[in-house]
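A closer look at the structure
This is what each chain is made of:
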Amino acid sequence: MRRKTRIPPAPLPQRHGVDPVRVRLPFDGPWTTVGEHLVERLSGAGPGVVRGMLDTGLVVGADGRAVAADAPYAPGMYVWFHRELPEEVPVPFPLEVVHRDERIVVVDKPHFLATTPRGSHVAETALARLRCELGLPTLTAAHRLDRLTAGLVLFTVRPEDRGAYQSLFRDRRMHKEYEAVAPYVPGLALPRTVRSRILKERGVPAAREVSGEPNAVTRVELVEHRERDGLGRYRLLPATGQTHQLRVHMSALGLPLLGDPLYPEVTAPVPAGDFRRPLQLLARRLEFTDPVTGVEHRFVSGRTLQAWSSPAEWAAG
């Protein structure tokens with residue numbers, strides 16, 4: 001059995017709040033040089049891109065020195081490089097800091113801003129923005145909200161504290177409360193607790209419910225409704241955190257969230273820069289006992305859902 005080796009610190013600084021990419025060379029394989037492996041492994045970058053990075057010294061080892069394309073293959077070796085950042089349309093909404101101390105930062109995230117770098121959203125993410133704006137390069141997310149969901153997100157300042165705060169979500173010691181706007185169905189008995197098994201497949205936009213042991217649990221409550229437009233405002237209390245859980249459960253009840261491009265049907269992607277009609281889902285509250293200090297925290301989002309607070313603006317699109 002191989003001994004677990006310590007991951008060396010990144011020899012490259014962050015760029016625009018984004019960490020360099022770290023790659024570890026496999027212990028087994030047919031490659032004779034570092035370049036052979038990287039060109040094969042990162043073939044999705046495009047013809048000649050990886051070779052060009054190697055030739056210009058943009059790929060470095062743990063000592064910060066450039067790794068040559070013909071450097072002998074070394075099983076288990078780590079290398080780092082900065083990815084080319086995609087062109088991103090800036091999300092024109094503020095990221096509000098609700099709380100900050102030496103261990104955690106809680107922010108009120110706007111719709112359309114991803115929590116952490118992923119896919120085509122890299123620098124235009126809450127994490128990258130906060131690292132730059134607050135001067136906190138070690139900031140990490142303790143959990144994530146979907147890009148289209150607004151509301152409260154918890155970040156940790158120090159790497160050594162991250163596990164303690166992540167465990168709040170894993171062990172269900174974090175009270176999460178969401179608000180949503182969806183159609184009002186008079187005959188639907190609420191409140192109720194929805195339990196199902198949700199499967200999210202890689203590369204497939206929408207998750208789906210399948211048979212089997214439930215892995216997703218949500219309590220759904222109707223807060224109020226309006227006769228004039230047939231809408232309801234709902235309180236959603238998830239006991240678990242499956243991908244798209246609230247959206248899937250509400251759609252299954254016949255209450256698809258307003259502005260949802262995936263449920264009940266996947267619609268055509270909106271053009272980049274179209275920030276109209278955001279998903280009407282908001283992470284309204286976070287409540288927990290701080291696992292490090294023992295302090296009781298209660299945070300409330302100051303945002304509102306447009307379809308409820310300003311229905312005329314929502315209808316105008």
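Coordinates for the structure precede this section.
In what follows, the accompanying structure is described. Being a predicted model, the structure only gives us computed values, none of them experimental.

**Details of the overall build of the protein chain**
Counting its secondary structure elements, the protein chain contains seven helices and 13 strands. Across its three principal directions, the C-alpha atoms of the protein chain cover 70 × 45 × 40 Å. Relative to its 317 residues, the protein chain shows a buried fraction of 44%. For the protein chain, the share of sequence-separated contacts (at least 6 apart) that also reach a separation of at least 24 residues comes to 63%. As displayed, the protein chain has an accessible area near 16,800 Å², and 51% of this comes from carbon and sulfur atoms. Side-chain charges in the protein chain split into 43 positive and 36 negative, and the spacing between the mean points of these groups amounts to 4 Å.

**Here's the deal with the pattern of salt bridges**
Evaluation of the coordinates by the stated rule reveals 22 salt bridges. Here D171 makes a salt bridge to R173, at a shortest N to O gap of 3.6 Å. Since its relative accessible area comes to 38%, D171 is described here as partly exposed. For R235, the salt bridge identified is with E221, shortest N-O distance 2.7 Å. Residue R235 is located in strand β11 (residues 231–238), and its partner E221 is located in strand β10 (residues 216–226); the two are separated by 14 residues in the primary sequence. Through salt bridges with shared partners, a single ionic network connects E177, R219, E221, R235, R285 and E287.

**What about a positive patch on the surface?**
A cluster of like positive charges, contributed by R118, R144, K200 and R202, occupies part of the molecular surface. Examined against the element boundaries, R202 turns out to sit in the loop between β8 (192–199) and β9 (208–210).

**Observations regarding the packing of aromatic side chains**
Scanning the model with the defined rule gives six aromatic pairs in all. With a centroid separation of 5.3 Å and an interplanar angle of 70°, the aromatic rings of F112 and F275 are classed as edge-to-face. Residue F112 is found in the loop between β4 (104–109) and α3 (126–134), and its partner F275 is found in the loop between α5 (245–252) and β12 (281–289); the two are separated by 163 residues along the sequence. On the basis of relative accessible area, F112 is assigned to the buried category, the value being 10%. The structure contains a cluster of three or more aromatic residues connected by ring pairs, namely F93, F112 and F275. Positioned above the aromatic ring of W308, the side-chain terminus of R226 is 3.9 Å from the ring centre. The ring centre of W314 lies 5.0 Å from the NZ or CZ of R277, which sits over that ring.

**Some remarks on the pairing of β10**
Of the pairings in the sheet, the one linking β8 to β10 comprises five bridges and is antiparallel in character. Following the sheet pairing, S196 is matched in β10 by A216. Looking at chain direction, β10 and β11 are connected through eight bridges and run antiparallel. Across the sheet, the residue bridging to R219 is L237, located in β11.

**A closer look at the side chain of T115**
In this structure, T115 sits in the loop between β4 and α3. For T115, the side chain forms a polar contact with the main-chain oxygen of L145, separated by 2.9 Å. Excluding anything up to four places from it in sequence, T115 contacts K109, T125, A126, L127, A141, H143, R144, L145, V153 and F155.

**Some words on the nonpolar core**
Soluble, globular proteins show a tendency: their nonpolar side chains are buried together. In this structure, V105, L139, F155, L236, M250 and L281 are the most contacted members of the largest nonpolar core, which totals 34 residues. When contributions to this core are tallied by element, the ones reaching two or more residues are β4, α3, β6 (150–156), β7 (175–183), β11, α5 and β12. Considering every element that reaches this core, the biggest residue donor is α3, with four residues. Membership of the second largest hydrophobic core comes to 15 residues, among which are V23, M53, V59 and A71.

Thresholds, definitions, all that
- Counting from 1, residues in each chain are numbered in the order their sequence is written.
- Local features are withheld for residues below a pLDDT of 70 in this predicted model, meaning they are given only at 70 or higher, and side-chain atom pairs are given and counted only at 80 or more; totals for whole chains, interfaces and linings count all residues.
- Neither water nor hydrogens contribute to the side-chain values; these are computed over all heavy atoms in the structure.
- A run of DSSP states H or I qualifies as a helix once it reaches four residues; a run of E qualifies as a strand once it reaches two. Both are numbered from the N-terminal end.
- Burial classes follow relative accessibility: with a 1.4 Å probe on protein chains only, a residue under 20% of its type's maximum area counts as buried, one over 50% as exposed, and anything between as partly exposed.
- Residues count as neighbours in contact if any of their non-hydrogen atoms are within 4.5 Å of one another.
- Computed by Shrake-Rupley with a 1.4 Å probe, the accessible areas treat only the displayed protein chains as cover when residues are assessed.
- A residue counts as positive if it is Lys or Arg and as negative if it is Asp or Glu; His and the chain ends are not included.
- Lysine's charge is taken at NZ, arginine's at CZ, aspartate's at CG and glutamate's at CD.
- The salt bridge definition used is simple: a Lys or Arg side-chain nitrogen within 4 Å of an Asp or Glu carboxyl oxygen.
- Residues enter patches when their relative accessible area tops 30% and they take part in no salt bridge; the joining distance is 9 Å for like charges and 5 Å for the nonpolar side chains Val, Leu, Ile, Met, Phe, Trp and Tyr.
- Stacked, tilted and edge-to-face pairs are distinguished by plane angle, under 30 degrees for stacked and over 60 for edge-to-face with tilted covering the rest, among Phe, Tyr and Trp rings (Trp via its six-membered ring) whose centres lie within 6.5 Å.
- The rule is short: NZ of Lys or CZ of Arg within 6 Å of the ring centre and within 35 degrees of the ring normal puts a charge over the ring.
- Strand pairing is assigned whenever DSSP detects at least two bridges linking the two strands.
- Any pair of nitrogen or oxygen atoms within 3.5 Å is treated as a polar contact; in protein, a donor-acceptor pairing is required on top of that, and neighbouring residues in sequence qualify only through side-chain atoms on both sides.
- To define a nonpolar core, start from buried Ala, Val, Leu, Ile, Met, Phe, Trp, Tyr and Cys residues and group those joined through side-chain atoms within 4.5 Å.

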